[in-house]
Amino acid sequence: MILLKNPTLLSWDPPAIQEGKSVLIEGGVIKSLLSAGEIPEEAKMGEIIDCTGKYLAPGLACSHNHFYSALSRGVMARIKPSTDFVSQLKNLWWRLDRAIDAPILQSSALVGALEAIKAGTTSVIDHHSSPNFILGSLSVIRQAFLKTGLRGILCYETTDRNGRKGMLEGVKENIDFVSIVEKDPQELRLVEASLGGHAPNTLGDEALRLLSQGVKDTGRGLHIHVGEDRYDSSHSHAMYGKDIMERLSSYELLTDKGILVHGVHLTKRDREIINEQDSFLIHNCRSNMNNTVGYQTHLSDFKNCALGTDGIGSDMWKELQFAFFKHRDSGGNLWPSDFLKFLHQGNRLLSRYFKRDFGRLQEGSAADLILLDYKSPTPLLADNLPGHMAFGFSAQDVETVIINGRIVYRERSFPQDLQPLYREARIQASRLWDRMDKLSD
C-alpha cells in the first residue's frame, strides 16, 4: 500500500486540477482519494510519500512503437542512399529487422522500456519484427517489460515479404503469445497481446484470412500500418481494386480493438470505415516527418485518435509538442487541448485490452501514475493546462513513476544499476550494425 500525500492532481481529459487530496494505492489500483490530512490506519503499515508541491498525473501511453529499433540510434551500417519511403524500408529497416537475434532484441527491449519509464510513459503498445528470430521473440520483449515494470501490448509484425514460411510463423507467434499472456490473472496482467501485421501492401489474402481468424479466436485487435505512404493506397487499388480499409474490412479485421497506424494517405471512405468500426488511428508525427511521407490533415475526422512514436523513443511530451506544432505549421485549426485529448486516448485503448479503467485519478482506476516536479513561472490552471503541455512540461519534470501500484522509478533513479545494461546494449548495437552489413540488400 502506498499513500501519496497532498499532491496537486492533474487530469488530461477533460483538463482539470484538484488540490487538497491524497491518493491511496493498493493492489495495482487507486483504492481511494482522501482529504489531504487524512491518513488511514491501514496506510501507516505501507509507504507514505509527501508530494507537497508536486503534481500527480495519469501515466502517459505510447500507442505505437518499435522497440526493435532502439539500437539503431546513430547506426553505422552501410546504407545506400534512399530516395523514397520504400527504398528507406528496404535499405535500412528491413535489413535491420533481419539482423536481430535474441541477445540484440533483449538489449533493445530493455533500453526501450527503461527510457519509456524515465520519460513518464507507463504503457507502450509495441509492434515487433525480427524475421530471422520470430518464434519466441515476443516473450523476450515481455521479459523486458516485466523486469522494468513497464505496461504494454505486444504483437509480431506478420508479413509476406520474407516468404510464406515467415508469414505463417508470424501468425503463429501472435497466437502463441496470446496464450502466454492469458496465463496471468486479468487483474494482475502487466502485458497484453494484439495481432500484428506489417502493412496491407505486404500482406496477401492468405495472411489476412489467417489474421482474421486469429482476431475472432482470441478477441484481440489487429495492429497494422495503413496508408503510411502513397504506395500502400495505390498498391491496394492496383492489386485488389479496393481502398485500404475496404479491403481490411472485407476480412472483418477492423474492431473496437483495432490499432491502425499512420493513416496519412486514407480516403474519406477509409476514415468513415475506421469510425464505423470504432477502431483507433495512431498519429506518429515525428516519424512521418522523418520519413517525408506527408501529413494527415484530417485528424479531427477520427473518432479515436491517439499518439505514437513509431520507434522514435517513447517521450510522449515531445511527441505531443511536435504533433501540435506540425499541425499549426500545416494551417490546421486544432489546439493544445485537442492533442492532449489524443494523448489521453491511448489510455482508452488500454482499457479495451486490459478490461479496467486507465488514465483517471479516481477510485478503481489503474495505479499507473507519474509524479512531476514542474516549476512554472506562470500559474497552472485547468484552462491553461493544455498550453503548459504544449509549451512547458517535458520528460525532465518526471520525478517518480508508479505502474500497476509499484514504484519503478523513484526520485529520478531506477532501483537497478543501469551501467551493465547500457554497456551490454552498446555491444549488441555494434553486433547489430555488423550483421546488417553482412546482409544482402
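Model, not experiment: these values are computed from the prediction. (Residues numbered from 1 in each chain as written. Predicted model: local features only at pLDDT ≥ 70, side-chain atom pairs only at ≥ 80, totals over all residues. Heavy atoms only, no water.)

Trainee: Before we go on, may I ask you to explain the sheet that holds strand β9 (residues 121-126) in this structure?
Mentor: In a beta sheet, neighbouring strands pair by backbone hydrogen bonds and run either parallel or antiparallel. Taken together, four strands build an open sheet; the order of strands is β8-β9-β10-β12 and the sheet is parallel. The sheet terminates laterally at β8 (60-65) and β12 (191-193), the two strands that pair on one side only. When strand polarity is set aside, the average angle formed by the axes of neighbouring strands in this sheet is 15°. Pairing between strand β10 (residues 151-154) and β12: three bridges, direction parallel. Bridging from a neighbouring strand, Gly152 pairs with Val191 of β12. (Pairing = 2+ DSSP bridges. Helix = DSSP H or I, 4+ residues; strand = E, 2+ residues; numbered from the N terminus. Axes fitted to C-alpha atoms, helices over the stretch in contact; angles between N-to-C directions.)

Trainee: Could you clarify how one ought to interpret the environment of Glu19 in this entry?
Mentor: Positionally, Glu19 belongs in the loop between β3 (16-18) and β4 (21-26). The class of Glu19 is exposed, set by a relative accessible area of 60%. Residues Glu19 and Thr8, 11 residues apart in the sequence, show an inter-C-alpha distance of 4.9 Å. (Buried < 20%, exposed > 50% of the residue type's maximum accessible area, 1.4 Å probe, protein only.)

Trainee: Can you help me understand the environment of Arg95 in this one?
Mentor: You can see Arg95 is positioned in helix α1 (residues 85-98). In this structure the C-alpha to C-alpha distance between Arg95 and Val293, which are 198 residues apart in sequence, comes to 20 Å.

Trainee: Would you explain the pattern of salt bridges in this entry?
Mentor: As a working rule, side chains carrying opposite charge can pair if their charged atoms are close by. By the definition in use, this model includes 29 salt bridges. Salt-bridge contacts for Arg410 lead to Glu47; the nearest nitrogen and oxygen are separated by 2.5 Å. Linking Arg410 in the loop between β20 (406-409) and α13 (419-438) with Glu47 in strand β6 (residues 47-50), this pair joins segments that are 363 residues apart in sequence. Under the relative-accessibility criterion, Glu47 is labelled partly exposed at 29%. (Salt bridge = Lys/Arg side-chain N within 4 Å of Asp/Glu carboxyl O.)

Trainee: It is not clear to me how the sheet that holds β3 should be interpreted in this structure. Could you clarify?
Mentor: Strand order in the open sheet formed by six strands is β3-β2-β7-β18-β19-β20, with mixed pairing between adjacent strands. A single partner strand is all that each edge strand has here, and the edge strands are β3 and β20. This sheet shows a mean twist of 25° between the axes of neighbouring strands, independent of strand direction. Bridge count for strand β7 (residues 55-58) against strand β18 (residues 369-372) is four bridges, and the pairing is antiparallel.

Trainee: Is there a simple way to think about the layout of surface pockets in this case?
Mentor: Where empty space is left in the structure can be found by rolling a water-sized probe over the atoms. Counted as a void, the largest pocket has a volume near 870 Å³. Ser69, Asp310, Gly311, Ile312 and Gly313 are the residues nearest the centre of the largest pocket, which is lined by 40 residues in total. At the level of secondary structure, the elements contributing two or more residues to the lining of the largest pocket comprise α1, α2 (102-118) and α9 (285-290). Looking at the lining of the largest pocket element by element, the count peaks at six residues for α1. When the residues that make up the lining of the largest pocket are grouped by side-chain class, the tally is 14 nonpolar, 16 polar and 10 charged. (1 Å grid on protein atoms, 1.4 Å probe; cavity = no way out; pocket = protein on both sides within 12 Å on 5 of 7 lines; lining within 4 Å. Points joined across faces, edges and corners; volume = space filled by probe spheres on them. Nonpolar A, V, L, I, M, F, W, Y, C, P; charged D, E, K, R; others polar.)

Trainee: Please explain helix α6 (residues 230-240) as it appears in this structure.
Mentor: Along an α-helix, residues three or four apart share an orientation, since each turn contains 3.6 residues. Of all the positions in α6, only Asp232, Ser233, His235 and Ser236 are classed as buried. In a view along the axis of α6, the buried residues occupy a sector of 160°, so they form one face of it. Turned more than 90 degrees from where α6 packs its buried face, Arg230 and Ala238 sit exposed. Lining the buried residues of α6 we find β14 (222-226) and α7 (244-250). (Arc of directions from axis to C-beta. Contact = heavy atoms within 4.5 Å.)

Trainee: I would appreciate a short explanation of the packing of aromatic side chains in the present structure.
Mentor: When we look at a pair of aromatic rings, we describe it by the centre distance and by the angle of the planes. Taken as a whole and assessed by the stated rule, the structure comprises 12 aromatic pairs. Relative to Phe339, the ring of Phe324 lies with its centre 6.1 Å away and its plane at 70°, an arrangement referred to as edge-to-face. Of this pair, Phe324 sits in helix α10 (residues 316-329) while Phe339 sits in helix α11 (residues 336-354), and the two are 15 residues apart along the sequence. Their ring planes at 80° and their centres at 6.0 Å tell us that Phe324 and Phe391 sit as a pair that is edge-to-face. In this pair, Phe324 sits in helix α10 while Phe391 sits in helix α12 (residues 385-391), placing the two residues 67 residues apart along the sequence. We classify Phe324 as buried; its relative accessible area is 5%. An aromatic cluster is present here, built from Trp12, Tyr55, Trp317, Tyr374 and Phe393 joined pairwise through their rings. A cation over a ring is seen here: Arg151 above Phe354, with NZ or CZ 5.0 Å from the ring centre. Positioned above the aromatic ring of Tyr353 is the side chain of Lys257, whose terminal nitrogen or guanidinium carbon lies 5.5 Å from the ring centre. (Phe/Tyr/Trp six-rings, centres within 6.5 Å; stacked < 30°, edge-to-face > 60°. Lys NZ or Arg CZ within 6 Å of the ring centre and 35° of its normal.)

Trainee: Any chance you could explain the nonpolar core here in plain terms?
Mentor: As a rule of thumb, soluble globular proteins bury nonpolar side chains together. Of all hydrophobic cores here, the largest spans 99 residues; its most connected members are Met245 and Trp317. Aside from chain neighbours lying at most four places away, what touches Met245 is Val226, Leu254, Leu260, Leu266, Asp270, Ile273 and Ile274. Core analysis: the next-biggest nonpolar cluster, separate from the first, contains 15 residues, Leu4, Ile25, Ile49 and Leu371 among them. (Core = buried A, V, L, I, M, F, W, Y, C linked by side-chain atoms within 4.5 Å.)

Trainee: What exactly am I supposed to notice about the packing of helix α3 (residues 137-148) against helix α4 (residues 164-181) here?
Mentor: A pair of packed helices can be characterised by two numbers: the angle between their axes and the separation between those axes. Interhelical geometry of α3 versus α4 gives an angle of 40° and a closest axis separation of 9 Å. When the interaxial angle is binned, α3 and α4 end up oblique. Residue-level contacts link Ser137, Leu138, Ser139 and Arg142 of α3 to Glu173, Asn174, Phe177 and Ile180 of α4. Taken together, the residues that form the contact of α3 with α4 break down as three nonpolar, three polar and two charged. (Parallel < 35°, antiparallel > 145°, perpendicular 65-115°, else oblique.)

Trainee: What's the story with the packing of α1 against α13 in this structure? I'm lost.
Mentor: Orientation of α1 relative to α13, taken along the N-to-C sense of each, is 115°, at an axis distance of 9 Å. Along this stretch, α1 crosses α13, giving a crossing that reads as right-handed. Listed contacts from α13 to Leu92, Arg95 and Leu96 of α1 are Leu432, Met436 and Asp437. Along the lines of polarity and charge, the residues of the contact of α1 with α13 split into four nonpolar, no polar and two charged. (Left-handed = near helix turned anticlockwise from the far one by under 90°.)

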